[in-house]
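Residue-level structural notes
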Amino acid sequence: MFRRTILSTAAAGLVAAALAFQPAQAADTIKIGASAPKTGPLAGGAATTQWPNVRLWVHDVNSRGGLKLKDGQKKIELIEYDDRTTPGEAIKNIQRLATQDKVDFILAPFGTGFTIATAPIFNKLGYPQLAVSAITDKIPALTKRYDNIFFMLGSTTTFTNSVVDILKKMKDDGKIGKRVAMVNVADAFGIELANAARPVFKKAGFEIVYDKSYPLGSQDLSPVIKGAKASNPDAFVAWSYPPDTFALTAQAKINDLNVKAFYTAVATAYPAFKGKFKADAEGILGAGGIDPDTPALKEYFKRHKEVTGKDADYWASAVTYASFQILEQAIEAVGTLDRKAVTEYIKKNEFKTVIGPVKYDNQNSARYWTVGQWQGNKFYGVSSRGRPGAKAIIEKPAWNK
Amino acid sequence: MTGAEVRNFAVAIVLFALAALIPLTGSGYWLSIGVSIATYMVLSTSWALFSGPTHYISLATGAFYGIGMYVVGLGIEILPYPVLLLIAAVLGAALAALVGLATLRLSGVYFVIFTLGLAELIRQLVNWGQTTQGSSSGLYVLTDISEPMIYWQLLGLGAIVYLLGWWINRSRLGFALRIIGNDEVVAVHSGINTASAKIILFVVSGTVATVTGALLAPRLSYIESSIAFSPMLSFLVVIMALLGGAHRLWGPIIGVVPFMLVWDLVTAKFPNQTTLVLGICFLLIVYAIPHGLAGLVEKYRARARGAF
């Protein structure tokens, strides 16, 4: 009997809680859906780049009274789901947002795999998908297939080419020699970038003196760094993911791997990177970058910290926010919740965002930052496609001992 | 066939026919839940074919599933899709036979640990292959195969698994397996070739998991090793099969359906506390129904009979 009482009480509690969580029904709101990882391997990245910006944007729009439509101003009601870093779950979440919650618009999911996995469903349901955290060489094929998907961060090829270009410029200026040590994480992104980089490095007159991959989730990367150091390189390039970006940098310091050009890929632009390495971050190159000194971005960074309590990263954070601004401006310009008209409007017009003007050309924004560098307390873009304000590159000083 | 069997067949056919109607309702949401349920129905039922009678807990489902995905991912631009399914089946069977030969002499916890390692081993081999062969590592599967088609294919595969399970259960092989599960030493002494019996079943279950992965590849469109070889999948299959009851052919499905529905409800209502609420649900399940839902059904059925 006792057991049955516990069970029924627990069940009643769950039901009551479920009812309490039922979102309030109000006709004068716009429903916006969001699905991204809150748990699983990509949760850390999403907690830095995606979710704070979702919150910031909803806060910004609602605190100015909501979106201005033809039939009055409407506030945003946000419905968010965790995709558990599982593509099947992400697909289901988009379905649920569209058909059960009947949301008016859906914010694009996080990560390349998830962008592509959900693209067919966005397309079928007719929702515009303004992807940000997705880098692929298949952009032309994907935009041809899906007329409602938009890209903002460029392709794998430009991503690697700009790193090589930066190093080539340093070499031509006589700052570094031609010996490059290259390592990569043996997982999707890392393998793709390393394979793309090899021929480009050679073409640019570099000699790859060390070329190793390490498995995703490796706990001890000191052999990798020791090997790289033994090859006596002039530049060190790591196509790395967040955990190994931190681990490789830490090991490079411990083993005193001193090169004038030190590049680690994803997460170098995270505020946590500066937080961990402090003065040692100076001169480290990484994926992304922006021009944080424009008035719009200065204001954005300040507001991001105030509203979410976290620092924005120096790469995809502002771009993610910009993608929401594009959606916001397109909805207001169209003046209704007609998704087809909004998609068409996004295709044809230029938008003013925190990262500067954005205009899609064949559903792909060709203006983005590719390489950044820690200089002082900020991570400045040093290489871009079509964005002004690139800073001059500095040589990386020796590690502080 | 006995009267009861005819009745069971009729019930199964009606249920399958009803399930096949889901895509026609036009609700994409219920269809995507249907795909999840069908996936885990196939995986859990085929898992229980082997692990139910023998009590060998296999955590290798993710390994086979991932291989199926990669076969389609690598071959979709070269070969027609049905051929890829066939290749996936053959590869899965071959791997299962190989693994079975090497490991089914292990028992208990050693077997569990080995199968858990298998998915990781294969994933690393795939990565190594991609690094050394210099292909790009994310594989794109851009096809016109729609979600209803994937769903019906999974249902078809499910029907095959049930027929196979029914046939095995009434064959000498099924009888041998039950003896192995009860006492392997006795089985050996009564002249049963325990190794071959176990390998055959392991091959069946591995092949089905591989084909399931191959069927689902077009749904994800983008295959990478961290997604294809997810250890989470292997655990979920075991959890759902045990929730339903692995000792009956119809056990896993009555675990899968409520599990997926409850999980979906939890995800929808508590997006920020999913894992916590799920943990509480697990505790309640283990506390309230230790023998699985099939055990519960059988208990009440026996009680109802007793009342007559």
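For the structure, see preceding data.
Here goes a summary of the coordinates provided. (Residues numbered from 1 in each chain as written. Chains lettered and ligands numbered in written order. Predicted model: local features only at pLDDT ≥ 70, side-chain atom pairs only at ≥ 80, totals over all residues. Heavy atoms only, no water.)

Some thoughts on the environment of A:Lys178
All names here are of chain A. Our working definition: Numbering of helices and strands runs from the N terminus; a helix is a DSSP stretch of H or I covering at least four residues, while a strand is a stretch of E covering at least two. In what follows, residue pairs with any heavy atoms lying within 4.5 Å of each other are defined as contacts.
Checked against the element boundaries, Lys 178 lands in the loop between α7 (156-172) and β7 (179-185). Counting along the chain gives 29 residues from Lys 178 to Glu 207, while the straight-line C-alpha distance between them is 5.8 Å. Those residues in contact with Lys 178 that lie beyond four places of it in its chain are Lys 171, Gly 205, Phe 206, Glu 207 and Asp 234.

Re unusual backbone geometry
Under the convention used in this document: Here's how the labels work: a residue is buried when its accessible area is under 20% of the maximum for its type, exposed when over 50%, partly exposed in between, all with a 1.4 Å probe on protein chains only.
For A:Asn362, which is not a glycine, the phi torsion comes out positive at approximately 50 degrees. Of note, A:Asn362 is situated in the loop between β13 (356-361) and β14 (364-365). Accessibility expressed as a relative area gives 63% for A:Asn362, which makes it exposed. Even without being glycine, B:His55 reaches a positive phi, approximately 65 degrees.

Here's the deal with the packing of aromatic side chains
In plain terms, the rule: Under the pairing criterion, centres of Phe, Tyr and Trp rings, with the six-membered ring standing for Trp, must be within 6.5 Å; the plane angle then separates stacked pairs below 30 degrees from edge-to-face pairs above 60, leaving the rest tilted.
Inspection of the entire model under this criterion finds 28 aromatic pairs over all chains. Considering the side-chain rings of A:Phe159 and A:Trp315, the 5.9 Å spacing of their centres and the 35 degrees angle between planes classify their relative orientation as tilted. Within this pair, whereas A:Phe159 is found in helix α7, its partner A:Trp315 is found in the loop between α12 (295-308) and α13 (316-334), the two being separated by 156 residues in sequence. A:Trp315 shares its class with A:Phe159; the two are buried. Plain terms: the ring middles of B:Phe111 and B:Phe202 are 6.1 Å apart, the flat faces sit at 70 degrees to each other, and that makes the pair edge-to-face. Residue B:Phe111 is located in helix α5 (residues 109-133), and its partner B:Phe202 is located in helix α9 (residues 194-220); the two are separated by 91 residues in the primary sequence. What makes B:Phe202 buried here is its relative accessible area of 1%. Members of the aromatic cluster, connected to one another through ring pairs, are A:Tyr300, A:Phe301, A:Tyr314, A:Tyr321, A:Trp374 and A:Phe379.

Things to note about the nonpolar core
We apply this condition: By nonpolar core we mean a set of buried residues, namely Ala, Val, Leu, Ile, Met, Phe, Trp, Tyr and Cys, connected to one another through side-chain atoms within 4.5 Å.
Within the largest apolar cluster, 106 residues are counted, with the highest numbers of intra-cluster contacts made by A:Phe201, A:Phe236, A:Trp239 and A:Tyr263. For this core, the element with the highest residue contribution is α13(A), accounting for eleven residues. Non-local contacts of A:Phe201, meaning those with residues more than four positions away in its chain, are made with A:Val164, A:Leu167, A:Val180, A:Met182, A:Phe206, A:Ile208 and A:Val237. Counting residues in each nonpolar core, the second largest holds 95 residues, with B:Ile67, B:Leu104, B:Ala187 and B:Ala197 among its members.

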